[in-house]
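Commentary on secondary and tertiary structure
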Amino acid sequence: GDFQPTTPRRQLDMRGTQLLRTSFEALPSQARLSTYATGVPKRTLMVNQDLANRLAEAYDWSYYKNGDILEMNPGFGLFTRAIWNVAKPRRHVLMEPHKKFIPIMEDFDAKTEGRIKYTSLEGYDWATYDKLIADGTITPENQSMERVNDSLLLFASMPNGATGEALAVQFLCTLPRRNWIQKYGRVRMLIWMKTKSADRLLVGPGGHTRARPTIIAQACADMRVIASPKDAHMGAFNYDEAAMKDVIETTPDDWRQRGDYTLVEFTPKEKPLFNSDFAEFDYVLRNLFILRATAMEKSLMMLGSGSDSLIKCMPSGLDLSKPVNAYTVEEFDQVTQAFSKWPFKPTELFEKGWTNDREKDPKGENGVVKNI
Amino acid sequence: MQRIAAARRRVLTTCSLSGKSVLLAGRLSVASSASVALRQTRLQSTTAASSFASSQQTIEIPKKTDDDFIIVRHKDMPGSSGRDNFTAKVRERSEAFSIYYACLATGNVERAKSILSRLHNVPPATAIKLHNQYLFTLVGECAKAQDLSLMTKWLDKMQKELDIVPNETTYAILCKGALGLTDKDMREMMLKNFAEMFLKNGGVLGDMIGQAGVYSVDDIKALIDMFGLSVANIKQGSRQVIADALAAAERQVSEDDVQNIAEVAPTKVSGPGMHLLKQSLAALIDPNYSASENEARIPFSMLESYERQKILEESALDAAVARWKHDHETTVNRGKLNPLKKSLNALLWEWHQALVPLIEDEVRRCKEAQKNTTAASGADVDRLAYGPCLLLLSPEQLSTITILELLRLQGTGGVAEGMRVARAVLSLGKQVESEAQADMLKEQADNGILVGDMKTIFSNEKAFALAKAKAKARAKGDMATPDTEWRPDWPHTLRARVGSVLISLLMHVAKVPNEADDSVTGEKLVEVTPAFYHAYQYSNGKKLGVIKMHPALMRHLGTDPMRGNVHPRLLPMVVPPRPWLSWNNGGYLRAKTRVMRTRDAPEQLLYLKKASDRGDLDLVFAGLDVLGRTAWAINRRVLDVAVTVWNTGEAIASIPATDTNFEYPSEPPPDCDPAIRAMYVRKCKEVAHANQNKHSLRCDVNYKLEIARAFVNEKMYFPHNIDFRGRAYPIPPHFNHLGNDLCRGLLVFHEGKELGEEGLRWLKIHMANVRGFDKASFSERAAYTMENLEHIFDSADKPLGGKRWWLEAEDPWQCLATCFELADALRSPNPEKYISRMPVHQDGTCNGLQHYAALGGDIVGAKQVNLEPSDSPQDVYTGVANLVAAEVERDAAAGNSNAQELVGKITRKVVKQTVMTNVYGVTWIGARDQIEGQLRDVGIPDDRAFVLAAYVTKIVFSAMKSMFSGAHMIQDWLSDAAKIIAKAHPIDADDDTNMTAVIWTTPLNLPVVQPYRKISRKQIKTNLQTVFISNPDAMNEVDVRKQRTAFPPNFIHSLDATHMLMSALATSEAGITFAAVHDSYWTHASDVDKMNVMLRDAFVRLHQDDIMGNLKREFEERYKGYKTQMSALADSAEGKAVLAQRASKSRTKSTEADVADVADVADVADVADVADVAEAASPTSAVEAMFAEEAAPKKNKSVKWWGDLVFRPLPAKGEWDVQNLKQSQYFFS
DNA sequence: TGCATCGTTAGAGATATAAGTAGTAGACATGCC
DNA sequence: TGGGTGTCTAATGACAATATCTCTAACGATGGA
């Protein structure tokens, strides 16, 4: 009720200040957030409060009324505000390692009676989660695999570029392994990522952007697009229509780094769609997708020496003349199972050999001693 | 310039104080001035036919006056205009040349003709070569048809349609054609006819007859008769060759004048005869050979040895196959046998048997594809592109090369059990190319064609210099590379095509038996599975095409004898290498070897060729010849021990154990924390890596022992070449004295010398050195050895059965060798009379810093690296460590907590690596990593090591700076200069890319060109996969950063290389045996004292000159007229001057510009006054403060302009006098 | 026969691939924005 | 034009990413004039 935004100074340019329903410190306009300073991390960083508000209203938070919301990289905190205003979650933890945002974070911490908690720990770091659990900042419960875990929800904005990509895949890999936060059961994840990345996870059999992460994601989670640029996914091949209902529209201007971003909801499946050992499944995918547009027949050669005998092991139902990227999750599973039984399969499934390593020369010729 | 000239002369004259080198130098200068004269007369006589000048590019050569260096202007660089259009068309065109030659060589004249007709815009110098080769090919055909019309018609076409002017070689070839006519009248008529045409064009008959690479001795005789000439009429460059050849043809060669023999009549060897020679090579080429214990070493004459080397090089591929066959037969004869136990060679034989027909098939299809050019399926189009190259060699040759090469490449490129496809494909293609080239040279020799390029000059040591000077004089003529011998290098794309075809064929047929358990039934399965397979690896997310070897095959490679599996071009020679006559002429007998290892940099090659042509490299060549003439032998007793160890499979002194691999860690549960899983994967990779290293080490030892075994009774020689900075390396890669401790332990000088009193002392010191006891004074070292005599005898008597004292040494195998030697010497009745063959090393103590200190005249530094006489050796590492330790203690006393943790922990070892790499320009961060590792070893906890390392590193750097202040300033100056140069643009450059490389000339006149440029690569489709390769001919933008950071170390290395070669030349004059590993010089124990004097003398001579001054003057001269972007603050004196100048210039030009410029200046002036008026607002909340404007810091405006290159003045040189070093006994020790 | 249009194809250029980022700090290039 | 941002960090011997998609230019065929 007694919210009083500070008087805007000339150089603060608060003309477009977005009105808020709660008394957090005022933020400058969208335009200003997009440009105001340097040293802001490159990541999925929202600057449009309105988008945040629309999302907060559209999403059903009630499932988590007794749970924790764990937000990674809140940045300007637009979402945090929006969710607060809409749902006032029981507990909302902000992992924001970047110093730039400290004032905003501390503002949240100060004005929500401890329901929004700020930590400078890095969401990227696995150890962070152990720490948060150990000190009781979040209290996830072990829950049955029959239902979606309601004690924890992860809400993450990914770093841009390679790091973000990698992180998303790593998160996905925790689903079949059931480690990290997934050891508590089916913990749902809402992840903001580049639309292209999301697209790659959603594309169906035959789509040429299919890749290893596609198969893992589709095998382990039900995906739903919550927000995305208009028409962004129209070009994608063989799309799952169900994933695309009631999509909230985003525009490039909503972001600090202009571009297309998509919010995807990952709801872990009760059981992955494959029965193979994940290490083998992963190996098979990784190697088959090297020749992703090539017929499976040929691509099987990537799995090891003497793959003629492997082809003989393949179940008769499989159409080996189809290209790799036309295979479904279930078909990959069949291939993996055959691979698993193949007597001449490689003994180690990880890449050997250096390429980037120091001290690669074992001979120590020439008397030059490196790294004594 | 004057001073440089003087400097060069001094080096030259002092190098040739007495004896042979005077002769050599004298001869050389005579020869070169003669050839200059020759060139001039020729130019006069050929003004009518302008294209007779044979230079390929139009490069302005500065007038040669002995003291200027080579400068090639930007616009004259090949490829400087059309760089980086590595498009399909360009690729096709560059391949076309090679295909053309291949077609001619394989009798596909029609296709060659059509290629030739489709090539446009060929530079005239190249065009005439192409056409000459075409005519040359027609000679045979015309002889068969007894009709020259094909040739004459073509000549007509050349002249009338294509506007190509025939040269001497053209007419020589025409006459050769005419000589093939049997009808006497016809023949003479045609000859007269051609001769007339030639004369009309201003030619001189003698020159034509002297044309290299065309005629045989009989041809020449016939021509001389025909034209009524005498040998004296033949042009100077060739006269000697021809005279010798004619003389040689007349009579049986006798041993006495071997030194004068050109390669003419290979069959006329007197003495033991060919079969004996072959037999004597049994250890190397006979499959049935098994080493008998004490085989008598037959003394061979030089000529016989030469024949042996030739046999070795020519028959080795066959020999490999013979050995495979032999091993296969023995396994078969041994009756039924487990296929899993087949020996490697037996497998190779099977592959070879299967591969040859496949290649034959492919060759047939290539031929068909050429016939019906219309039915162009994709594969057939490809076949057109590589087919002719496959035809150059027999299917057997191709198969053998393919198999050998794939085996050799195992483990390269960081691939665990295999190799990179790109490497394999290119490397194999290159092998095929050089084999084809060797074949061509052999064929020419077999046909008795005289090649100007002397194949060899073999002689006794005394006559060597004379013979070489003579040969050199010949090479100086135009006989360097005759047109008929010139071949363009195959483009990488072509190599890749050829390589990929062969590899994919091999992959089809090469099988290996393999065993596995059926995971379901548990029964043993045996399958015959491909030995190689094509796969991909990910490295850093990039796909990497690899050829993997099956584990079953890998097991063989680590254990089976490699007999017959080393390509002879990779072996030591059994005669002294051919002396270096020019940049590509020397070394092995049959293979074209280059004197410099270049990095696909056309610029390097260009400078090298020019220098070689001008005779600038004579001293470098002479130095390399000295290294090549050092004869080596295998240390039999060390070999015996090594072989025993190898066979027992024990892990001893750098020989890893058989079949004991490191264990993989156990896998954590699937639901473990991702961090733990990541750790596990990393550990697995480390283990895999370690195992791979072990295996490759084992394969390497296998190769080495195999070669050593084969050469047990041989006298060996290592041909040497240089890297681009002039450092010398032996060419045989697997086994040489630069190799690891094992290699060095296995090698002794072939010649023995009586120890003498001093020699015995040096042998003892050497003992201490290889033990690692090398920080003490000489007398202490000798005493150390005497104290350990008991151990030494024990090691010598019972190397493996005794106490194994030698294994504790720093260099165990060399220690063992020394134990043997010392024990023998001391036990002999008179140790001083003992004949020793052991090389004794004298190592520069931190050689890089020695050169730096000498350049900088650092007194403190000079002491530290033993440039200054001292009673005991100084150790820089200890010196720096002490300095750092003192500083740390000071800080600790002052209360610095970091320092307090480190008190007493700063040892020599902590700083050693950093001090060593300082010369290479290690950065602060790199050094910190090194020191961090060391601190951990010293017991600093992991979590502190990082912080403390940062602290220590700072101190180490400042200590180095103070200790070697002069050196440091020079380092800075060098890197600064490099940056300026790399960013400099020639005045005529058309765009603003940095194209200028740092180039300098060493005191031995070697031009050094730094090759670092940005590489542009393209994907090239091959049979296996696409391959990512660069166009080696492209001149790309320089990599400024690399040019800069690499220049200081490269410059210093070019100096130490010079020092080494100067020392080599000096020792050679004195008749001392010499070998070197960069900054470690070796000789007989008895000669160490003499060598020590010479190498010091050489160092003094080198550094007496104003090296840095010369460099600066060279740069100023070389880069005269280049512009670089300069900048200065606008309000600095310099900036103001520029602005003023600009203003005045434009004022004279136009008033408008004037206004603008004045405004500009005004602007600049204003800036200084613009104070930041915006007052800082004080925000009321932290969030609000976030978005407050940061006040822009006041900036100084700067001015930029393009100006002449200005090199900073050289840092002042310190007081230290280089002459002092002559008295320093530990300078090299 | 000359030529406009459409379809095809070769080739050049772009992009994804994998996937822990620790911890520092200083220099230097970037045809940036 | 300059500041912010991204890259790299020990010399040489000893060089190596690739499959696939997208877009464009060139080429060829065809057909109507």
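In what follows, the accompanying structure is described. Keep in mind that what you see is a predicted model, and the values were worked out from it rather than measured. (Residues numbered from 1 in each chain as written. Chains lettered and ligands numbered in written order. Predicted model: local features only at pLDDT ≥ 70, side-chain atom pairs only at ≥ 80, totals over all residues. Heavy atoms only, no water.)

**Here's the deal with the overall build of chain B**
Where we set the bar: Under the DSSP-based scheme used, a helix requires at least four consecutive residues in state H or I and a strand at least two consecutive residues in state E, with every element numbered from the N terminus. Here the term buried applies to any residue with accessible area under 20% of the maximum for its type, exposed to any over 50%, and partly exposed to those in between, with areas from a 1.4 Å probe on protein chains only. We call two residues in contact whenever any of their non-hydrogen atoms come within 4.5 Å of each other. The protein chains shown are the only cover counted for residues, whose accessible areas, like all others here, come from Shrake-Rupley with a 1.4 Å probe.
Of regular secondary structure, chain B possesses 44 helices and 23 strands. Scored against the burial criterion, the 1229 residues of chain B give a buried share of 58%. The long-range share in chain B, meaning contacts at least 24 apart out of those at least 6 apart in sequence, stands at 74%. Here chain B displays about 50,700 Å² of accessible surface, and carbon together with sulfur accounts for 52% of that area.

**With respect to the packing of helix α2 (residues 49–58) of chain A against helix α3 (residues 78–87) of chain A**
Residues and elements named next belong to chain A. Stated precisely, the cut-off is as follows: Here the axes come from fitting lines to C-alpha atoms, over the contacting stretch only for helices, and the angles between their N-to-C directions go from 0 to 180 degrees. Just so you know how the angles are binned, under 35 degrees is roughly parallel, over 145 roughly antiparallel, 65 to 115 roughly perpendicular, and the rest oblique. It is the rotation of the near helix from the far one that decides the hand of a crossing: anticlockwise by less than a right angle makes it left-handed, clockwise makes it right-handed.
Two numbers describe how α2 lies on α3: the axes approach to 8 Å, and their chain directions differ by 40 degrees. Taken as axis vectors, α2 and α3 run oblique relative to one another. Where α2 crosses over α3, the handedness of that crossing is right-handed. Residues Gln 49, Ala 52, Asn 53, Leu 55, Ala 56 and Glu 57 of α2 pack against Leu 78, Phe 79, Arg 81, Ala 82, Ile 83 and Val 86 of α3.

**Let's talk about the protein's contact with DNA strand C**
The condition is simple: One heavy atom within 4 Å of a molecule or strand makes the whole residue count as near it. Nitrogen and oxygen atoms within 3.5 Å of one another constitute a polar contact, given that in protein one can donate a hydrogen and the other can accept it, and given that sequence-neighbouring residues count only through two side-chain atoms. Amino acids outside the nonpolar list (Ala, Val, Leu, Ile, Met, Phe, Trp, Tyr, Cys, Pro) and the charged list (Asp, Glu, Lys, Arg) are all regarded as polar, and Gly is one of them.
The environment of DNA strand C is made up of 34 residues, and the closest members are Trp 126, Arg 200 and Arg 286 of chain A together with Arg 928 and Asp 992 of chain B. Take Asp 125 of chain A: an N or O atom from its side chain is 3.5 Å from a base oxygen of DNA strand C. One of the backbone nitrogen or oxygen atoms of Ala 162 of chain A is found 3.4 Å away from a base nitrogen of DNA strand C. Among the secondary structure elements, those contributing two or more residues to the surface near DNA strand C are α6 (162–177) and α7 (195–202) of chain A together with α36 (924–938), β18 (1017–1021) and α39 (1040–1069) of chain B. In terms of residue count, α6 of chain A provides more of the surface near DNA strand C than any other element does, 6 residues in total. Its residues assigned to classes, the surface near DNA strand C comprises 12 nonpolar, 7 polar and 15 charged.

**So, the environment of His 556 of chain B**
All names here are of chain B. With respect to the secondary-structure elements, His 556 resides in helix α21 (residues 551–559). Between the C-alpha atoms of His 556 and Ser 343, which are 213 residues apart in sequence, the distance is 7.5 Å. Setting aside its immediate chain neighbours within four residues, His 556 contacts Lys 342, Ser 343, Leu 344 and Leu 347.

**Details of a positive patch on the surface**
Rules: Exposure above 30% relative accessible area and the absence of a salt bridge qualify a residue for a patch, where like charges join within 9 Å and nonpolar side chains (Val, Leu, Ile, Met, Phe, Trp, Tyr) within 5 Å. Note on definitions: salt bridges are taken to be side-chain nitrogens of Lys or Arg within 4 Å of carboxyl oxygens of Asp or Glu. For the charge count, each Lys or Arg is scored as positive and each Asp or Glu as negative, with His and the chain ends excluded. Here the site of a charge means NZ on Lys, CZ on Arg, CG on Asp, or CD on Glu.
Residues Lys 979, Lys 983, Arg 1041, Arg 1044 and Lys 1200 of chain B make up a contiguous surface patch of positive charge. By relative accessible area, Lys 979 of chain B is classed as partly exposed at 38%.

**Some remarks on the pattern of salt bridges**
Residues and elements named next belong to chain B. Following the criterion strictly, the structure yields 63 salt bridges over all chains and no others. Here Arg 364 ties to Glu 368 by a salt bridge, and the two come within 3.9 Å at their closest N and O atoms. Here Glu 368 and Arg 364 lie together in helix α15 (residues 344–371), a separation of 4 residues that amounts to about one turn. On the basis of relative accessible area, Arg 364 is assigned to the partly exposed category, the value being 44%. According to the relative accessible area criterion, Glu 368 is partly exposed, its value standing at 39%. Each of the salt bridges in this network shares a partner with another, and the network as a whole consists of Asp 361, Arg 364, Arg 365 and Glu 368.

**Looking at the packing of aromatic side chains**
The description of an aromatic ring pair rests on the distance of the ring centres and on the angle between the ring planes. Our working definition: In this analysis, rings of Phe, Tyr and Trp, with Trp reduced to its six-membered ring, are considered paired at centre separations within 6.5 Å, and the interplanar angle assigns stacked below 30 degrees, edge-to-face beyond 60, and tilted for intermediate values.
Following the criterion strictly, the structure yields 43 aromatic pairs over all chains and no others. A ring pair is formed by Phe 350 of chain A and Tyr 664 of chain B, whose centres lie 5.7 Å apart and whose planes are at 75 degrees; its orientation type is edge-to-face. With Phe 350 of chain A in the segment after α12 (329–341) and Tyr 664 of chain B in the loop between α24 (636–648) and α25 (674–710), the pair connects residues from two separate chains. According to the relative accessible area criterion, Phe 350 of chain A is partly exposed, its value standing at 21%. A relative accessible area of 28% places Tyr 664 of chain B in the partly exposed class.

**Topic: the nonpolar core**
Residues and elements named next belong to chain B. Under the convention used in this document: Residues enter a nonpolar core if they are buried and are Ala, Val, Leu, Ile, Met, Phe, Trp, Tyr or Cys, with the set joined through side-chain atoms within 4.5 Å.
With 185 residues, the main nonpolar core has Trp 351, Phe 532 and Trp 813 as its most contacted residues. With 10 residues, helix α20 (residues 492–509) is the single largest residue contributor to this core. What Trp 351 contacts, discounting residues up to four positions off in sequence, is Ile 403, Leu 506, Val 509, Ala 510, Lys 511, Ala 531, Phe 532 and Leu 553. One finds Val 72, Tyr 951, Ile 981 and Val 1009 within the second-largest nonpolar core, a separate group that totals 119 residues.

**A short note on the sheet that holds strand β6 (residues 221–229) of chain A**
All names here are of chain A. The line we're drawing: When DSSP finds two or more bridges between a pair of strands, those strands are recorded as paired.
Strand order in this open sheet of 8 strands is β3-β2-β1-β4-β5-β8-β6-β7, and the pairing throughout is mixed. In this open sheet, the two edge strands, each paired with only one partner strand, are β3 (116–119) and β7 (248–250). Within this sheet the neighbouring strands show an average axis-to-axis angle of 25 degrees, counted without direction. In this structure, strand β1 (residues 68–72) lies alongside strand β4 (residues 148–157), joined through 5 bridges in parallel fashion. Counted as the bridge partner of Glu 71 is Phe 155 from β4. This element, helix α5 (residues 126–134), spans β1, β2 (91–95) and β3 of the sheet and lies at about 145 degrees to β2.

**Details of the environment of Gly 123 of chain A**
Residues and elements named next belong to chain A. With respect to the helices and strands, the residue Gly 123 is situated in the loop between β3 and α5. Taking relative accessible area as the criterion, Gly 123 reaches 1% and is therefore assigned buried. For the pair Gly 123 and Arg 200, spaced 77 residues apart in sequence, the C-alpha separation works out to 23 Å.

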